Structure formats: structure tokens, C-alpha cells
Amino acid sequence: MPQQVVRLGIAFAVLAIVFMAARQALVPDTFGETGHYRAAAVDSIAAYPLQYAGHDACAVCHRPIAEKKSDSNHSGVSCEVCHGPAADHAAAPGSVKPPAPRERGFCPMCHGYNASRPSGFPQIDPVAHNPTVPCMTCHDPHAPEPPVIPGACRACHGQIASQKGVSHHATLPCLTCHEAPDEHKATPRLIRPGKPDTRDFCGGCHAEAAVSPSHIPRIDMSTHGDGYLCWQCHYPHHPGTE
Amino acid sequence: MQGYIYPNEFELRWSLLIVLYPYLTGLVAGAFILASLARVFNVKEVEPTYRLALLTALAFLIVAPLPLLAHLGHPERSYEIFLTPNRKSAMAMFGFVYAWYLMVVLLLEIWFDYRRDFVLRAREATGPLKWIYYALTLGSTDLSDRALGFDDKAGRWITIIGIPSAFLLHGYVGFIFGSVKANPWWSSVLMPVVFLFSAIVSGIALVLIIYIVATLFRGKQVDMACADKLATFLFYAMVVDFSLEMLDFIHRLYESEESIEILSQLIEGRLFVSLIVLQMVLGTLVPLISLGVVSPALSWRGTRKVPAEVRRLIYLGCALLVQVGIFSIRWNVVIGGQLFSKSLRGLTVYKAELLGVEGLLMAGAFVILPFIILWLLVKIMPPWAENEIPTSPEA
């Protein structure tokens, strides 16, 4: 056998032995038992001290609030989502008090408008929506409801109503734009509501010559839009519509 | 920022260092393919660059994973991908592709090629250098005709194994991007092939640059037969690469459905300079036309009209432009693929930082480092023909 092969063989054998020894010494015993990780890591993590007390622990002392919340839109939101980990408070309720966030920046972490959130999810623009007023002034966080009493349309079209509620058209009743005969409520799929079928309808507020408040955006109806109906490009319920 | 992007798309996850990584591995694969031209395909003219190409591939291969380690953080944990191999992860398996290419292909080929030199230098050198050269021989000091013949044969076989390995090394990088199905800018089965041919282009151009510059610094004459041949192969590789890129580009635009609008915005806006100006015009068309006119690729007559000195300068300029073009390709793939939102409704921006682990300075250091390593390798293992040591009689 050529000398080179023997020498290379020795070099590779040394490398292989070092590799095997490193594997033996460095790979944890429980690695790979239940997946591509150290199985004992689960026990190590379980051994960490608990930070969260859990919803049931809160309900023992705060029953009226827990009951109120359980019937509300926040029923799926655990107490500690807003009040922080409360294991220490549960252990010593008198001496450790969990925080109660009241600043305006807190609620928009979930309810600030973001294009990637589901369109039916209640969202506001924190800059434009009652600036400087703390959210709790109008909304009870344990039973949050929109301050406006829902109209008849909302009963079925909740998602659109939520979306419209934070759009530029929030103050317009649905019937301003849609014709909805009474029969629509009884047989909604048979008798359909109408929607604007002329450009002039939107032009009633948005045309340059329209008699409407000055903050409403204006366009030149004769050149803008190339003959399309307005809502074919501008979805009027959408908060992001310009 | 323009239009709608999701919150997690605001900041690009794969930064400048991830642009650098496929660029460096491409240079490795390309330089090795060039070396194989001399060794396996017996292209005699490029023999002066054979050893230089191997050392270049080694120097760049040593640096290639460093941008990844800097990007990921915790480089001290990197050995774990070898100890606990995850066969389901293409990224984790790169460790083995890298180890195979470094240990079994490149180091072995260089060792067989240089073993005779190591033995002779160990005999001539004094002091610590003697022991360094002796260690490099691994104790194999047999210089008989039979042993040298075996070295030659083994080197040839390793090169033959090395060609698919080089394809695997860089094809893998394209594979990673090409298999991201959710991204219409990346998802393409042509991606590994396009990466591979652009790697060959960049590798040949790099060796051409190093050969011309190093020869001038050494005060020697550039072997124009070699430079002409390198330029010819660079031209051929560029023709294939350009055709594949265009095919990939057209296919990508044709295949894309709802993404066509955002991709058009991407090309016309964010990537206009790096894709149209740098990659296509300066990095591809200008060198392609220049090499077509000046090099003997299309006709031997071309070389007669242009003096050697001018031709050399044009080759050097073209090779440098090719480097700009290939780096732009990597940029356009890695950064371009992250500039548009998965909502297909918005574009974000990328601004590289100057300092920091993923900054411009760090990237610059990773570009310079292989040249420093190459300089050291050339000092220990001169690749030039005039440094060849005649076998002494006592051998």
C-alpha cells in the first residue's frame, strides 16, 4: 500500500477518533430521545420557578370581576395578559400588588390599527381616536363594548360594522349608502340590499363642487377613475382607504 | 417603506453578511472548477493558474462560513451541527457538505499536489520552518517515481470527485433559496443551476484578477496564452450564465400570478440600480461585449488587433466588473427577496449599518480576510512555476 495512503489513513483515523470522543463527551445523554433536542431540557424548564398564577387562582378572590369578564369580549384574555405574571401576588396578596395598566399606549398594542390584523378585529388609530383620553374612560377592560349601541345591520354584518367603525365613514349610517328593504331582514339572501351604482353617488360628498364639510377629500369626477365605480377601487368600509 | 407590510417584515432578517456568504462560496466553487480545467480536462494554457486556483479556493473556503457564524451569533456553538446532525435540515447539512469539500476534496488535492514540494522544502529549510514542512508531509516522504505517480493519479481522481462536490457546494446555496416556496422572488428550481454558473463565472474572474495583479507585483510577464484562455472560458461561462439568468427571470415573471405587480415594482424601483445597472449592464453586458471583441473566444483575429498590454487591462477591467455583477446578483437575490411584503402589497427598505456585527466594516473585513490567508498560503506554498524545486539526487 502506498505510504501516502497509510499516512492519510492514520490522519483520518485520528480525526475520526477525536470526533467520536467529542460526540461521546459533549452530546447530552438524553439527546434525540423524543426529537432533535435534549429530552431532559423539558424537565430543566419545568423546574424553573412559576411566574404565572393562572386564571383560576385570580377567580378565587376576584370572583365578581372574573364573572363579568367571562361573559365579555375579553373572555378569552387571561387576567395576567394585562396585569402581568401574578404568582407572587397569589402567594402574598397583601404585600405584592400586580400592575393595572392605564396608560393609552397599552390597549393599542392589541387594538391599534394594523393591516395584518383580521379585518373584523376592533382596531383604532391611537393618534386620531380620542387623543389624550385614557381608554378606560369609555371602555371597561373587563367587559369591553363599543360605546355606540349596535344597529340592526351589525347583528349580521358585525365584521363590516367593526371595520367601518374605525374608518373615515364611521359616522355614516349603513343606510346612507345601502338601500335595505325590510324584506331583507326576513329573507336576506333573496332580497339583497343595494349599493351605489353611479359615480355621482360618492360625488355627492367627494366631487369638487359637492356641498359637504371641507375636510372631506375632493376629486375631479371627470378625470379621476377612468369610468369605474368609486368602490371598485376604494373599499369604503376599510380604515386604510384613502 | 411603501404600501402595507407586516410588522415582522419591517426589519430584514438576512443582512449584508448573508449576501456575502453565497458570494464567497461561489468564488470557491468557481476557482475549483477552473483548477479542474487544467487537471482533468488537460487545458494546458491555464496550467500556470492551477495551483493558484486551488489555493484561492482554500483561502475563500476558510472564510466562507464566517459570515454565517457572525450573523447567527454564538459561534462557539457551531460545532454542534456536526455532533448532532439534523438530516431533515438543509441548512444543518451544509456543515457536512462544507466538511466534505474542505477535508476530502480541497485539502487532499492540495496535499497530493504539494507533497513533493513539502518533502523537498523540509529537507532544505532550517529552524521551525523545517518542522512545519515536515508536519505538512504527514511523514510521507517517499519521492520515488512510483510514489509521485500515485500522487498525480490520486490528485486527478480527487479532482474528478471534486467537480460534483463543487457543484453540490454552490448548488446547495441556490437550493436553500430556491426551495422557499412562499417567496415568489426565490422559489424556482432553476435557482441552484443559476447559482452554480454564476459561481463558475465569478471564480474564473477572481483567479484572472489575482493572476494578473500578482504577476505584475512579482515583476514578471503575464502569460498571455493563459490570460487569453481564461478570458475565453470566462466569456463562455458568462454566455451560459446570462442565458440561464434570463431564462430564470422570464420564467419567474411568467409563473408569478398575483405577485407580478409587486415584483415589477421591485425591479423598477428598489432593485433598479443593483439589478439593471450593476448586474445586467455593467456586470454582464459590458464585460460580455468587451471579452467577445477582444478575447479569442469568437475569433483568433480579435487578439491580433489589440496589443497584449491593452488586452490585459481589458481582461482585468472585465473581471472586476464581473465581480461587481456577481455580488449584485447575490444582493438582488438575498436582499431583493426580503424587500417586498408577503402580503404582496408593500415594499420595505434595507440600509446596511456601518459598525456592528452585521455592518459594512465587518463585511469588508470578510472580503479582505481571504486575500490575507491567500497571501500566507502563497508564502508557504508558492504556486508559481519558477519556484519549483528540482528533485535532488539523494531523493
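Note on numbering: residues in each chain are counted from 1, in written sequence order. To label them, take the chains in the order written and letter them from A, then take the ligands in the order written and number them from 1. This being a predicted model, a pLDDT of at least 70 is required before a residue's local features are given, and a value of 80 or more before pairs of side-chain atoms are given or counted; all residues contribute to the totals for chains, interfaces and linings.

Novice: It is not clear to me how the overall build of chain B should be interpreted in this structure. Could you clarify?
Specialist: For chain B, the helix and strand inventory stands at 15 helices and two strands. Just to be clear, the radius of gyration here is over C-alpha atoms, and the globule rule we use is 2.2 Å times residues to the power 0.38. Its C-alpha radius of gyration of 22 Å places chain B within 12% of the 21 Å reference for a compact globule of 395 residues. Neighbour density around each residue's C-beta defines its exposure: 20 or more other C-beta atoms within 10 Å make it buried, 12 or fewer make it exposed, and counts between make it partly exposed, where C-beta atoms are placed from the backbone. Across the 395 residues that make up chain B, the buried fraction comes to 42%. Secondary structure elements are taken from DSSP: a helix is a run of H or I of four residues or more, a strand is a run of E of two residues or more, and numbering for both begins at the N terminus.

Novice: Is there a simple way to explain the overall build of chain A in this structure?
Specialist: A tally of regular secondary structure across chain A gives 11 helices and zero strands. Helices and strands appear in chain A in the N-to-C order α-α-α-α-α-α-α-α-α-α-α. Since a compact globule built from 242 residues should have a radius of gyration of about 18 Å, the 31 Å found for chain A marks it as more spread out than a globular shape. Taken along its principal axes, the extent of the C-alpha atoms in chain A is 95 × 65 × 40 Å. For chain A, the residues scored as buried account for 8% of the 242 residues in total. Contact between residues is assigned whenever the C-beta positions, reconstructed from backbone atoms, fall within 7 Å. Taking contacts inside chain A between residues at least 6 apart in sequence as the whole, the part at least 24 apart equals 46%.

Novice: Help me understand the environment of S343 of chain B in this model?
Specialist: Residue and element names in this part refer to chain B. When you line up the elements, S343 lands in the loop between α14 (336–339) and β2 (346–347). C-beta crowding within 10 Å serves as the criterion here: with 14 such atoms nearby, S343 is assigned to the partly exposed category. Taking C-alpha positions, S343 is 9.3 Å from S259, a pair spaced 84 residues apart along the chain. Contact partners of S343, with chain neighbours within four places excluded, come to Y4, I5 and Y6.

Novice: What is the right way to read the environment of V180 of chain B from this model?
Specialist: One can find V180 of chain B in the loop between α7 (145–178) and α8 (191–217). Those residues within four positions of V180 of chain B in sequence are excluded, and the remaining contacts are W186 and S187 of chain B.

Novice: I keep staring at the packing of α7 of chain B against α8 of chain B and nothing clicks. Help me out?
Specialist: Relative orientation and spacing of two packed helices are given, respectively, by the angle between their axes and the distance between those axes. All names here are of chain B. All axes here are fitted lines through C-alpha atoms, helices being fitted over the stretch that makes contact, and every angle between N-to-C directions spans 0 to 180 degrees. Where α7 meets α8, the axes come as close as 7 Å, and the angle between the chain directions of the two elements is 135°. Classified by the interaxial angle, the pair formed by α7 and α8 is oblique. Note that α7 runs across α8; the crossing there is right-handed. Along the contact surface, α7 presents F167, H170, G171, V173, G174, F175, F177 and G178, while α8 presents M191, P192, V194, F195, L196 and A199. Residue polarity follows a fixed list, in which Ala, Val, Leu, Ile, Met, Phe, Trp, Tyr, Cys and Pro are nonpolar, Asp, Glu, Lys and Arg are charged, and the others, Gly among them, are polar. The residue makeup of the contact of α7 with α8, split by class, is 10 nonpolar, four polar and no charged. Roughly parallel refers to an angle under 35 degrees, roughly antiparallel to one over 145, roughly perpendicular to one between 65 and 115, and oblique to any angle outside these ranges. The hand of a helix crossing depends on one turn: near helix anticlockwise from the far one by less than a right angle means left-handed, and clockwise means right-handed.

Novice: Quick question: what am I supposed to make of the environment of R102 of chain A here?
Specialist: Residues and elements named next belong to chain A. By the element assignment, R102 lies in the loop between α6 (87–91) and α7 (108–111). Accessibility expressed as a C-beta count within 10 Å gives 12 for R102, which makes it exposed. For the pair formed by R102 and G204, sequence separation is 102 residues and the distance between their alpha carbons is 42 Å. Those residues within four positions of R102 in sequence are excluded, and the remaining contacts are P134 and M136.

Novice: I keep staring at unusual backbone geometry and nothing clicks. Help me out?
Specialist: Residues and elements named next belong to chain B. Unlike most non-glycine residues, N42 shows phi in positive territory, near 50°. With phi around 50°, H74 is a residue other than glycine that occupies positive phi space. Tracing the backbone through its elements, the reader meets H74 in the loop between α3 (66–72) and α4 (80–83).

Novice: Explain the interface of chain B and chain A here, please?
Specialist: Interfaces are frequently sized by the accessible area removed from exposure as the parts join. Taken together, the contact pairs 14 residues of chain B with 15 residues of chain A. With three residues, the top contributor of residues to the side of chain B that touches chain A is α7 of chain B. By residue class, the composition of the side of chain B that touches chain A is seven nonpolar, four polar and three charged.

Novice: Help me understand the confidence of the model for chain B in this model?
Specialist: The predicted coordinates of low-pLDDT regions are not to be read in fine detail. Residue and element names in this part refer to chain B. What pLDDT reports is the predictor's confidence in each residue, on a scale of 0 through 100. The predicted model of chain B averages 91 in pLDDT, with 97% of residues at 70 or higher. Mean pLDDT across the elements of chain B bottoms out in helix α12 (residues 301–305) (65) and peaks in helix α15 (residues 360–380) (96). Scoring the predicted complex yields pTM 0.76 and, for the interface, ipTM 0.82.

Novice: How should I be thinking about the nonpolar core in this particular structure?
Specialist: Residues and elements named next belong to chain B. Throughout this description, the term nonpolar core refers to a group of buried Ala, Val, Leu, Ile, Met, Phe, Trp, Tyr and Cys residues whose C-beta atoms join them within 7 Å. Within the largest apolar cluster, 107 residues are counted, with the highest numbers of intra-cluster contacts made by V28, A31, A57, I204 and L234. When residues in this core are grouped by element, the largest group, 18 residues, is from helix α1 (residues 16–39). With residues near it in sequence (within four places) discarded, A31 still touches A53, T56, A57, F60, G203, L206 and V207.

Novice: What's the story with helix α11 (residues 272–294) of chain B in this structure? I'm lost.
Specialist: The periodicity of an α-helix, 3.6 residues per turn, causes residues three or four positions apart to be oriented the same way. One axis fitted to the seven residues ending at a residue, another fitted to the seven starting there: the angle between these axes is the bend at that residue. The largest bend along α11 of chain B reaches roughly 35° and is located at V281 of chain B. Along α11 of chain B, the residues that are buried comprise S274, L275, L278, Q279, M280, G283, T284, P287, L288, L291 and V294 of chain B.

Novice: Could you clarify how one ought to interpret the packing of helix α2 (residues 50–63) of chain B against α8 of chain B in this entry?
Specialist: Residues and elements named next belong to chain B. At their nearest, the axes of α2 and α8 sit 10 Å apart, and the two run at 115° to each other. As far as their axial angle goes, α8 and α2 are roughly perpendicular. In this structure, α2 crosses over α8, and the sense of that crossing is right-handed. Here L52, A53 and T56 of α2 come into contact with α8, specifically with L206, V207, I210 and Y211.

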